[in-house]
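Notes for the structure review
Letter by letter, the chains look like this.
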Amino acid sequence: MRLASVIGREFARRILERISTSAEQLSQSLETLKVLELIQQIRVVPEAAYLFKHVLTQEVTYETLLRQKRKELHGLVGQAIEELYHDRIEEQVNLLHHHFSLAEDWPKAVNYGRQAANRAYRLSQFQEATTLLMRAQECLLQLPEDRSRQETLIDLQLKMNWPLINLGDLDRALHICQEAESVARSLASPVYLGKVFHQYHMIYFFKNNYKNAEQYALQALEQLEDSEEDALILLLKLNLAAAYFSLAQREKAAELYSEVIRTQEANNIQTEYLEEQPYLPYTHSCTHLGYIRAFQGCIEETKMLIKKGNAPALKQVANLQSRIWCAVWHSAFSSLVGEDHGALGRVEEVLEVAEKTDSPILCFLVYAAKGNALMAAEKFESAQQVYEQALKAIEGTAHRRFLESVYYGLVQATLALGDTSAAERYYQAGLLLVALNPEKEASRFDCLRGRLIASVSPPDFEQAESFFEQSIKADENSGAVVPAAQTRYYLAQMLARKGKIGRAREMLIGLREHFQSWSIPVWQRKCEQELETLTSLE
């Protein structure tokens, strides 16, 4: 019974046989324990397994063992599991970490702790992944301090960043990154310093501090310049592209995404993950590049890229984070052009799964994506409700990525519903975020400001026009011709109300041709309907 207590409350007969000295005596002991109702058999196939009927029985029995004997037995249990389950070892990594930790076999405890954390992360169990990585670090620090240990320490510290990002604990991630930087500098290692800078980049990116994110990505690339870390360098370019997009440097972003796509296609690694990136780089690059091209009026290219990034072979290997981020960009495209293009279905595929994770960030993103898709379908009341769910999901976290876009959607939804007071509240809340990074959404919020001013009574047409023109200029300077044209549409509407019918008509005729050439029929029809209204006014 004492041997079984070391294995755990539930124990497999095969493991017990492996660490026992007498198979015959073992069979007799198990039968006796069953008769005494101390244990019960819970499985026969695929292998016999037993359970201590009361956890207290297992714990008291375990405590009768001397500490040194426990260590030896935990080591034997770990070795037995390795040997018996070598063909499906991944299923046993949590148990192996547990037993080798108690056996004080620190190298194996660290190895299996890291594997267990990776497994938890893949299953979107982010808190569990963080806990396991902390335990692995505690085991690692029992080893003598040398370069190998310190390099492993940095690896474990940096692995914690993505679980913490998904939990919204960015301040803790930043603190851990600072600790890792100190170790990397003590090693005078450009590669490890580059890895640390990469993680700083990601933390600041999700804090919505894109300038800092850009600088850390560039520093990381500089550190890795003469290294052979090709996968990490490619990954950095992908992440830097996302930062450039958020700084309204869309052509820079497009160039980097295109480079990532070309490189992966040339090496036939479209279905592979890079380093510790939690989402599939090829899928993400295709979908986000598609959204950028939509801003630039290249709608057919956008649809091609979205289709390419969602190919069956990629869907089979895409994890939850990959699917959610791509749903975000797919739905943002659908909201931009006013057509679904399969976005809502893509969101619904991941919604229920995301809600079952412990990640407020993934829930936020999937709600934001659903709100976008509902906006494309002109279901404004439902969109408002889902966007509100997104805000609620990240209450109390430091997450800021995509947050101003949710407020932008809320203003649009409430304006469409005629609720200008709610629209103003959402606008003011979003404006605080825009002020942190004006490059990203300032033009969009200038357009909203113009619409809000034009919607009150009495409207200040001159001020509204000033905001519209400011928005148009910023968008056109960054190559975002579609949002600029949409702002011109709202300007034309306002000019018509102001009595400038001729100017409004001229503007709408030009816009109708642009939307037609870009293959955006919803906005083409909007222009035609507005032109019909102008004709009826004359």
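Provided above is the structure to which this section pertains.
Below is a short write-up of the structure. (Residues numbered from 1 in each chain as written. Predicted model: local features only at pLDDT ≥ 70, side-chain atom pairs only at ≥ 80, totals over all residues. Heavy atoms only, no water.)

All right, on to the pairing of strand E2 (residues 39-43) then. In terms of strand pairing, E2 meets strand E3 (residues 49-52) through 4 bridges, oriented antiparallel. Across the sheet, residue Gln-40 finds its bridge partner in E3, namely Leu-51. If you look at the hairpin formed by E2 and E3, you'll find 5 residues sitting between the two strands. (Pairing = 2+ DSSP bridges. Helix = DSSP H or I, 4+ residues; strand = E, 2+ residues; numbered from the N terminus.)

Relative to E3, strand E1 (residues 10-12) runs antiparallel, the two being bridged by 3 bridges. By the bridge assignment for E3, Phe-11 is matched with Tyr-50.

With 188 residues, the main nonpolar core has Phe-11, Ile-15, Ile-154 and Val-406 as its most contacted residues. Ranked by residues supplied to this core, first place goes to helix H14 (residues 230-246) with 12 residues. (Core = buried A, V, L, I, M, F, W, Y, C linked by side-chain atoms within 4.5 Å. Buried < 20%, exposed > 50% of the residue type's maximum accessible area, 1.4 Å probe, protein only.)

Axis separation between helix H11 (residues 170-187) and helix H12 (residues 190-206) bottoms out at 9 Å; the angle between their running directions is 165 degrees. One element, H11, and the other, H12, form an angle in the roughly antiparallel class. By crossing handedness, the relation of H11 to H12 is classed as left-handed. For the pair H11 and H12, the contacting residues are Leu-170, Ala-173, Leu-174, Cys-177, Gln-178, Ala-180, Glu-181, Ala-184 and Arg-185 in the first and Tyr-192, Leu-193, Val-196, Phe-197, Gln-199, Tyr-200, Ile-203, Tyr-204 and Phe-206 in the second. (Axes fitted to C-alpha atoms, helices over the stretch in contact; angles between N-to-C directions. Parallel < 35°, antiparallel > 145°, perpendicular 65-115°, else oblique. Left-handed = near helix turned anticlockwise from the far one by under 90°. Contact = heavy atoms within 4.5 Å.)

Now for helix H8 (residues 126-140). Counted at 1.5 Å a residue, the expected span for H8 with its 15 residues is 21 Å, and the 21 Å between its end C-alpha atoms agrees. Among the residues of H8, those classed as buried are Phe-126, Ala-129, Thr-130, Leu-132, Leu-133, Ala-136, Gln-137, Cys-139 and Leu-140. (Expected span 1.5 Å × (residues − 1).)

A full pass over the atoms with the stated rule returns 26 aromatic pairs. With centroids separated by 5.7 Å and ring planes inclined at 85 degrees, the aromatic side chains of Trp-329 and Phe-402 adopt a geometry described as edge-to-face. Taken together, the residues Trp-329 in helix H19 (residues 320-337) and Phe-402 in the loop between helix H22 (380-393) and helix H23 (403-416) connect sequence positions 73 residues apart. Ring geometry for Tyr-427 and Phe-445: centres 5.7 Å apart, planes at 35 degrees, overall tilted. Residue Tyr-427 is found in helix H24 (residues 420-434), and its partner Phe-445 is found in helix H25 (residues 438-455); the two are separated by 18 residues along the sequence. The same class applies to Tyr-427 and to Phe-445, which are both buried. Joined through ring pairs, the aromatic side chains of Trp-162, Phe-205, Phe-206, Tyr-210, Phe-245, Tyr-279, Tyr-291, Phe-295, Trp-325, Trp-329 and Phe-402 make up one cluster. (Phe/Tyr/Trp six-rings, centres within 6.5 Å; stacked < 30°, edge-to-face > 60°.)

This part takes up a nonpolar patch on the surface. A contiguous nonpolar surface patch, about 260 Å² in accessible area, is contributed by Val-55, Leu-56 and Val-60. With respect to the secondary-structure elements, Val-60 resides in helix H4 (residues 55-63). Overall, the relative accessible area of 49% leaves Val-60 in the partly exposed class. (Patch = residues over 30% accessible without salt bridge, like charges linked within 9 Å, V, L, I, M, F, W, Y side chains within 5 Å. Areas by Shrake-Rupley, 256 points an atom, 1.4 Å probe, with all protein chains shown as cover. Salt bridge = Lys/Arg side-chain N within 4 Å of Asp/Glu carboxyl O.)

Let us look at the pattern of salt bridges. Oppositely charged side chains can pair when the atoms bearing their charge come close. One pass over the structure, following the stated rule, counts 33 salt bridges. Arg-70 is the partner of Glu-63 in a salt bridge, and the nearest nitrogen-oxygen pair spans 3.1 Å. Classification of Glu-63 by relative accessible area gives exposed; the value is 52%. Residue classification places Arg-70 among the buried positions, given a relative accessible area of 19%. Of the charged contacts, one joins Glu-404 and Lys-440 as a salt bridge, the two residues approaching to 3.2 Å between their closest N and O atoms. You can see Glu-404 sitting in helix H23 and its partner Lys-440 sitting in helix H25, a full 36 residues away along the chain. Residue Glu-404 is classed as buried on the basis of its relative accessible area of 2%.

Shape descriptors only; they carry no functional weight alone.
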